[in-house]
Amino acid sequence: MKFKNLLFFLLLSIVYNTIHSQNKKDEETLKINKKVDSLLSLMTIEEKVGQMNLYNGFWEVTGPVPKDGSSKKKYEHLKKGLVGAMLSVRGVEQVKAVQKIAVEETRLGIPLIFGFDVIHGYKTLSPIPLAESCSWDLEAIEKSARIAAIEASAAGLNWTFAPMVDISRDPRWGRVMEGAGEDPYLGSKIAAARVKGFQGTDLSAPNTMAATAKHFAAYGFAESGKEYNSADIGTSTLYNIVLPPFKAAVDMDVKAIMNSFNDLNGIPVTASKFLQRDILKEKWGFKGFVVSDWASMQELITWGFAKDKNQAAELASKAGSDMDMEGYIYVEALVDLVKKGIIKASIIDEAASRILNVKFQLGLFEDPYRYCNPKNEKNLIYHKSHQEAALDIAKKSIVLLKNENNILPLKKEGQKIALIGPLANEKNSPLGSWRIASDDNTAISILEGLKQYKNNTIQYEKGVDLYTGNTHFIKELKVNTTDRSGINEAVKIASESDIVIMVLGEHGFQSGEARSRTTLDLPGLQQELLERVFGVNKNIVLILNNGRPLTIPWAAKHIPTIIEAWQLGSQTGNAVAQVIYGDYNPSGKLTMTFPRNVGQIPIYYNQKSTGRPTNENDNVFWSHYSDSEKTPLFPFGHGLSYTTFKYTNLSLDKKAAKINDTITVKVEVTNTGNYDGKEVVQLYIQDVYGKNVRPIKELKGFALVPLRKHESKTVTFTLDKTKLGYFDTEGNYIVEPGEFKIFVGGSSITSLESDFQLVQE
Ligand code: BGC
C-alpha cells in the first residue's frame, strides 16, 4: 500500500514537472516573441533584409580593412547592419572582432550568428557520420554531437550546419559519408540524437549551438549519384523515405533547415513552396529559419529557373527560404521588390523574425560575446575526455564484415605481422572529409595503434601510393595508377609473416561534397597489391578505410577477414587496434547496403515488392539481372561479432490487433559463443497488402543488447499505429487493416518470422 502511494506521488510529480516545464517553455517563447516583435518595429526594411543575409568570412578581421571588391562590400554591409550571420569566421578573437562591428557600429547593434560546418567534430574528430550510424548507438551519437558543440562553441561558434539527414541509396554520391545511411527509421532516430547533442537542453548555454538539418530535400536522390544533379522521385519515396528524418529533427526543435542544390521533380528546392512553406512551415509547424545552401539562390538563374536576380529573390522568398547564404541575391534585390509591391512586407517580417527569434534563444541579445571566452577555447578544445569519447564511438562504429576461420581476435603475443597498404600509416586520411577546422595529421594511424601491442612484431610496407598531389583539392588528388615500385617489398614481408594486415580504401578526401564516383572499386593499384600479397600469404585481415560502400567482390570471396573501419577520426588507430586484438568486441552493423557491382545500384534492403519477385520456378522472367546475383555483397544491418548470437522464441502478445492497440513483440537472444559481446537486435515489418505497394521489409525497432557469453535475454519491442502506417502518395498518413509480417534478427536478412492481423476498431 505504502509503495503504491509512493508510486502515485512519483507519477504525480512527474506529470506536474512535465506540465510545469512545458508552461515555462511556453512562457519563455511568448516572452521572446514579444521581444522580436518590438525589435522588428524599430527596424527599417533594409535592416530586416540584412538579417536574411549570410556572408562567408571575408578577411583577417584583426588585420587591416579589406580593400578588394567583394570583401570591401561585405565589410561595408556589415557596418550598415545588412548582414545577419557569418559563416567560416571562427576562433574567439576573430568572432569577437566581427561581432564587435555588428554590435557597436550598426544602428541597432543586432548581434550576428556565427555558423560553420561542424559535421563530425571541430578539432577532436569523431568518425564520419556514416560510420557513426553503424554503431546504432543513439547515446554515443548524441554525445559525439555534444562534444562537437562544446569544442566549436568554445571557438566562438553558435550555429552548426549539421546534421546532414539526407537518406541515400547511392554510394556513388560522395556525400553519403555525411549521412546516416539508407534507412528512414534509423535515420530519423539519429537525426534527433544529433540535434539534441548539438542543441543540448538550453540553447543559451555557452556550450550549445543551433543545429541545421540539411539538405531539404531529396539531395540524396540526385540522379545516378552525380553531385548537384536532379532528383526525380515520386511522392511515395518523398514522404516515406526522404522526409521522415527532417520531421524528426523538427520535432526535436531544430533551429534551422538548409535547403539543397538539387531540383525536385523540376523545381529547384530553394524555390520550392511545396517543400518549404506547405510542408515544413505549415504542415509541420517548423519555428526556426530556412537557410539556402551556398549561393543556391543565385543558381536559380544558372538553372534557367529565374531570369535574373530579382526574380530569383522573389521566387526564393515567396517559397519560404529565409536566409541567403553567400548569394548576394536578397541583399541586392529584396528591398526594391518590397517597395515595388512585388513581395509583401510580411514575407520579410516573417523571415527576419524567425532569425531574430533564434538569436534571442541563443542568448546573444543578453551577451553577444557569450561564446567568446578565450579560456574555454584554450581548455576545452582537444580535451582529454573528448578524445576518450571519440575513441568510444570509433570502436562502436567498426563493422566486422567477415571473419572466416576466426583469424580475429589476434593473439597478443608471438605473432609476426606484416602491415601493408597506403592507408596503414596515414594520419590525415582517417580524419575523413568535412573537417575544415581540424589540424592536419592529427589522427592516430593504424600503425601507431597496432604498435602499442608490443609482444607481436610488426613490419610495415606501404606497397603502393594511393594518390599523389594535394588531397584537399579533389582536382589535384591524382590516384596512382602507374607506380608499382613498392609492391615487391610488400610481398616480401607478407611472405615472411604469420599474419598480414592490409589497410586499403579511399583517402578521406575522396568522399564528401563534389566527390561522386562512377566506379566503387578500390582506387588505383590497391586491388593489384591485394592480389599479389594474397599470392604469398592468405592469412589476411583486410581493413577498409572509406567514406561509402565499395564494390569488393574479389576480396569478399577470397580474403578471410574483412573489417569495415571507415574513417574513424582522431582515434582511428587506437580503435582499430583494440578491435583487432579483441579488447573491444565489434558490434557495428552496416547502415548502407554494399553492392556487388555498380550496376546493382540503387540496391537497398527496403525495396518495394514487385509483381515478379522470385525465381522459385526457375523462371527467367523475374526481377533480376542476368549477369549478376540479385543479392547484395553485404546487406543492410549486417555485422559480425567475435561471438555468435542465436535468436529463439519470437512471440507476439496478439495475433489480431486493433488499429489503436499496442502489440508487444518478444524475442530471446542468446550469446552462444565464447566472448562477451553486444548485438544490435533488429525488428522489421512487412505490410503484406495495401493501397500502395509496400516495401518487402521496413525497420521499425532495434535494441543494443549486451550479452555475456552463454547469457540469454528477452528483448521486447512494441508496435503501434505510429509504426504500422505509411504515407500515401498525397502525403496522408494511413494505417490499413490487414496482414502484417514481423521479422527479427541480427541483420535485414532476418532469422525469425511471425505475423498478425490488424483489424478495424
Ligand atoms: C554544402 C553545405 C555546407 C555549405 C557551407 C555547401 O557547399 O552543400 O552542406 O553547409 O556549403 O559550407
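Description of the structure in this document. Remember, predicted model here, so these are calculated numbers, not experimental data. (Residues numbered from 1 in each chain as written. Predicted model: local features only at pLDDT ≥ 70, side-chain atom pairs only at ≥ 80, totals over all residues. Heavy atoms only, no water.)

Volume-wise, the largest pocket comes out at about 1200 Å³. Lys-25, Thr-29, Asp-253, Lys-255 and Gln-361 are, among the 37 residues lining the largest pocket, the residues nearest its centre. Elements that contribute at least two residues to the lining of the largest pocket include exactly helix 1 (2-42), helix 7 (184-199), helix 9 (244-251) and helix 14 (345-361). Here the element with the most residues in the lining of the largest pocket is helix 1; it accounts for 11 residues. Residue composition of the lining of the largest pocket, grouped by class: 9 nonpolar, 12 polar and 16 charged. (1 Å grid on protein atoms, 1.4 Å probe; cavity = no way out; pocket = protein on both sides within 12 Å on 5 of 7 lines; lining within 4 Å. Points joined across faces, edges and corners; volume = space filled by probe spheres on them. Helix = DSSP H or I, 4+ residues; strand = E, 2+ residues; numbered from the N terminus. Nonpolar A, V, L, I, M, F, W, Y, C, P; charged D, E, K, R; others polar.)

The nonpolar side chains of a soluble globular protein tend to be buried with one another. The biggest cluster of nonpolar side chains holds 144 residues, and the ones touching the most others in it are Leu-243, Ile-420, Met-502, Ile-543, Ile-563 and Ile-580. The element best represented in this core is strand 16 (residues 499-505), accounting for 6 residues. Once residues within four sequence positions are removed from consideration, Leu-243 is found in contact with Phe-216, Ala-217, Leu-238, Leu-275, Ile-279 and Trp-284. Counting 39 residues, the second largest nonpolar core, distinct from the first, contains Met-52, Ala-312, Ala-313 and Ile-355. (Core = buried A, V, L, I, M, F, W, Y, C linked by side-chain atoms within 4.5 Å. Buried < 20%, exposed > 50% of the residue type's maximum accessible area, 1.4 Å probe, protein only. Contact = heavy atoms within 4.5 Å.)

On to the sheet that holds strand 17 (residues 540-545), then. In space, the 6 strands of this open sheet follow the order 11-18-17-16-12-13, with mixed pairing throughout. Since the sheet does not close on itself, it has two edges, and those belong to strand 11 (399-403) and strand 13 (457-461), each with one partner. Along the sheet, successive strands turn relative to each other by an average axial angle of 15 degrees, direction set aside. Judged from the 4 bridges that link them, strand 12 (residues 416-420) and strand 16 form a sheet pairing that is parallel. Its bridge partner being in strand 16, Leu-419 is matched across the sheet by Ile-501. In the packing of helix 18 (residues 487-495) onto the sheet, contacts are made with strand 12, strand 13 and strand 16, and the angle to strand 12 comes to roughly 160 degrees. (Pairing = 2+ DSSP bridges. Axes fitted to C-alpha atoms, helices over the stretch in contact; angles between N-to-C directions.)

Overall, the coordinates contain 3 cavities of 30 Å³ or more when judged by the stated rule. Empty space within the largest cavity amounts to approximately 80 Å³. Every residue along the wall of the largest cavity is listed here: Glu-47, Gln-51, Leu-78, Gly-81, Val-83, Ala-102, Thr-106, Leu-108, Ile-110 and Leu-112. For the lining of the largest cavity, the residue count by class is 6 nonpolar, 3 polar and 1 charged. Estimates place the volume of the second largest cavity at around 60 Å³. Lining the second largest cavity are Ile-119, His-120, Gly-121, Pro-129, Glu-132, Ile-141, Ser-144, Ala-145, Ala-148, Arg-194 and Phe-198. Elements that contribute at least two residues to the lining of the second largest cavity include exactly helix 5 (129-133), helix 6 (138-154) and helix 7. With 4 residues, helix 6 is the single largest residue contributor to the lining of the second largest cavity.

Counted according to the given criterion, the structure contains 23 aromatic pairs. Between Tyr-219 and Phe-261 the ring centres are 6.1 Å apart and the planes differ by 85 degrees, which places this aromatic pair in the edge-to-face class. Of this pair, Tyr-219 sits in the loop between strand 5 (212-216) and helix 8 (235-242) while Phe-261 sits in the loop between strand 6 (256-259) and strand 7 (263-264), and the two are 42 residues apart along the sequence. Taking relative accessible area as the criterion, Phe-261 reaches 8% and is therefore assigned buried. With a centroid separation of 5.2 Å and an interplanar angle of 65 degrees, the aromatic rings of Phe-727 and Tyr-733 are classed as edge-to-face. Exposure remark for Tyr-733: the relative accessible area of 36% places this residue in the partly exposed category. Over the ring of Tyr-604 we find Arg-169, and its NZ or CZ is 3.6 Å from the ring centre. We note Lys-697 situated over the ring of Phe-743; from NZ or CZ to the ring centre the distance is 4.8 Å. (Phe/Tyr/Trp six-rings, centres within 6.5 Å; stacked < 30°, edge-to-face > 60°. Lys NZ or Arg CZ within 6 Å of the ring centre and 35° of its normal.)

Let us look at helix 13 (residues 329-339). The buried fraction of helix 13 is high, at 8 of 11 residues. Turning to helix 13, its buried residues number three or more, namely Ile-329, Tyr-330, Val-331, Ala-333, Leu-334, Val-335, Leu-337 and Val-338.

Here we take up the packing of helix 10 (residues 273-283) against helix 12 (residues 309-319). At a minimum axis distance of 7 Å, the contact between helix 10 and helix 12 shows a crossing angle of 25 degrees. What the angle tells us is that helix 10 and helix 12 run roughly parallel. From helix 10, Lys-273, Gln-276 and Arg-277 reach across to helix 12, where they touch Ser-317, Lys-318 and Ala-319. Here the contact of helix 10 with helix 12 is built from residues that sort into 1 nonpolar, 2 polar and 3 charged. (Parallel < 35°, antiparallel > 145°, perpendicular 65-115°, else oblique.)

If you walk through the whole model with that rule in mind, you get 42 salt bridges. Where Asp-253 meets Lys-255, a salt bridge forms, and the shortest distance between an N and an O atom there is 2.8 Å. Judged by its relative accessible area of 31%, Asp-253 falls in the partly exposed class. Put simply, Arg-708 and Asp-676 hold a salt bridge, and the shortest N to O gap is 2.9 Å. Of this pair, Arg-708 sits in the loop between strand 23 (698-707) and strand 24 (712-719) while Asp-676 sits in the loop between strand 21 (663-671) and strand 22 (677-687), and the two are 32 residues apart along the sequence. (Salt bridge = Lys/Arg side-chain N within 4 Å of Asp/Glu carboxyl O.)

Function cannot be read off these values alone, since they describe shape.
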